[in-house]
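Here is how the chains run, residue by residue.
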Amino acid sequence: MSTFTNTYSNDNDNYFSNLGRATRAFLGALLASKPYSELAQKEVIASTNTSTEDARYVRPSKRDIALLNSEAARYENLMPNLAAELRFLASRG
């Protein structure tokens, strides 16, 4: 007959609990975002300051379209889906 004992300690001063707290603090600082209310205020202010010239669509130049097509050719063998997407974006120009 075999027995299994688990000597788990709920001690807050061990290495792994410190490591967990540090990791959570690091991820919290890394992924911190501004509260929604601040973002909403900035969005309202930005929408009231835009003029009709800023909202106007500017058609991409032939150079930009050629650049997208050349990038698509570079990625054709490596990532065919990306190449197809780049060609689609170039065709919408």
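Below: a short report on this structure. Please read all numbers here as calculations on a predicted model, not as lab measurements. (Residues numbered from 1 in each chain as written. Predicted model: local features only at pLDDT ≥ 70, side-chain atom pairs only at ≥ 80, totals over all residues. Heavy atoms only, no water.)

1. As for the overall build of the chain
Alright, step 1. Looking only at helices and strands, the chain has 5 helices and 0 strands in total.
Alright, step 2. Ordering the α and β elements of the chain from the N terminus gives α-α-α-α-α.
Alright, step 3. The buried share of the chain, taken over its 93 residues, is 5%.
Alright, step 4. In the form shown here, the chain has an accessible surface area of approximately 8,800 Å², with 57% of it arising from carbon and sulfur atoms. (Helix = DSSP H or I, 4+ residues; strand = E, 2+ residues; numbered from the N terminus. Buried < 20%, exposed > 50% of the residue type's maximum accessible area, 1.4 Å probe, protein only. Areas by Shrake-Rupley, 256 points an atom, 1.4 Å probe, with all protein chains shown as cover.)

2. Some remarks on the pattern of salt bridges
Close approach of charged atoms allows side chains of opposite charge to pair.
Alright, step 1. Scanning the entire structure with this criterion turns up 2 salt bridges.
Alright, step 2. Measuring nitrogen to oxygen at the nearest pair gives 3.0 Å for the salt bridge that ties arginine 74 to glutamate 71. Of this pair, arginine 74 and glutamate 71 both sit in helix α4 (residues 62-74), 3 residues apart, which is roughly one turn of the helix.
Alright, step 3. With a shortest N-O distance of 2.8 Å, glutamate 76 and arginine 87 are connected by a salt bridge. (Salt bridge = Lys/Arg side-chain N within 4 Å of Asp/Glu carboxyl O.)

3. With respect to the environment of isoleucine 65
Alright, step 1. Here isoleucine 65 shows up in helix α4.
Alright, step 2. Here the alpha-carbon distance between isoleucine 65 and alanine 90, two residues 25 residues apart in the chain, equals 5.1 Å.

4. Section: the packing of aromatic side chains
Alright, step 1. One pass over the structure, following the stated rule, counts 1 aromatic pair.
Alright, step 2. Seen in terms of ring centroids, tyrosine 15 and phenylalanine 16 are 5.3 Å apart; in terms of plane orientation they differ by 75°. Their pairing is edge-to-face.
Alright, step 3. For phenylalanine 16, a relative accessible area of 63% corresponds to the exposed category. (Phe/Tyr/Trp six-rings, centres within 6.5 Å; stacked < 30°, edge-to-face > 60°.)

5. Here's the deal with the packing of α4 against helix α5 (residues 80-92)
Alright, step 1. Between α4 and α5, the least distance of the axes is 8 Å, while the angle of their chain directions is 165°. With respect to their mutual orientation, α4 and α5 come out roughly antiparallel. For α4 against α5, the interelement crossing comes out left-handed. Contacts from Ile65, Leu68, Asn69, Glu71, Ala72 and Ala73 of α4 reach α5 at Ala83, Leu86, Arg87, Leu89 and Ala90.
Alright, step 2. Taken together, the residues of the contact of α4 with α5 break down into 8 nonpolar, 1 polar and 2 charged. (Axes fitted to C-alpha atoms, helices over the stretch in contact; angles between N-to-C directions. Parallel < 35°, antiparallel > 145°, perpendicular 65-115°, else oblique. Left-handed = near helix turned anticlockwise from the far one by under 90°. Contact = heavy atoms within 4.5 Å. Nonpolar A, V, L, I, M, F, W, Y, C, P; charged D, E, K, R; others polar.)

6. Some thoughts on a nonpolar patch on the surface
Alright, step 1. Side chains of Phe26, Leu27, Leu30 and Leu31 sit close together on the surface and give an oily, nonpolar patch of about 450 Å² of accessible area.
Alright, step 2. Along the polypeptide, leucine 30 turns up in helix α1 (residues 15-30). (Patch = residues over 30% accessible without salt bridge, like charges linked within 9 Å, V, L, I, M, F, W, Y side chains within 5 Å.)

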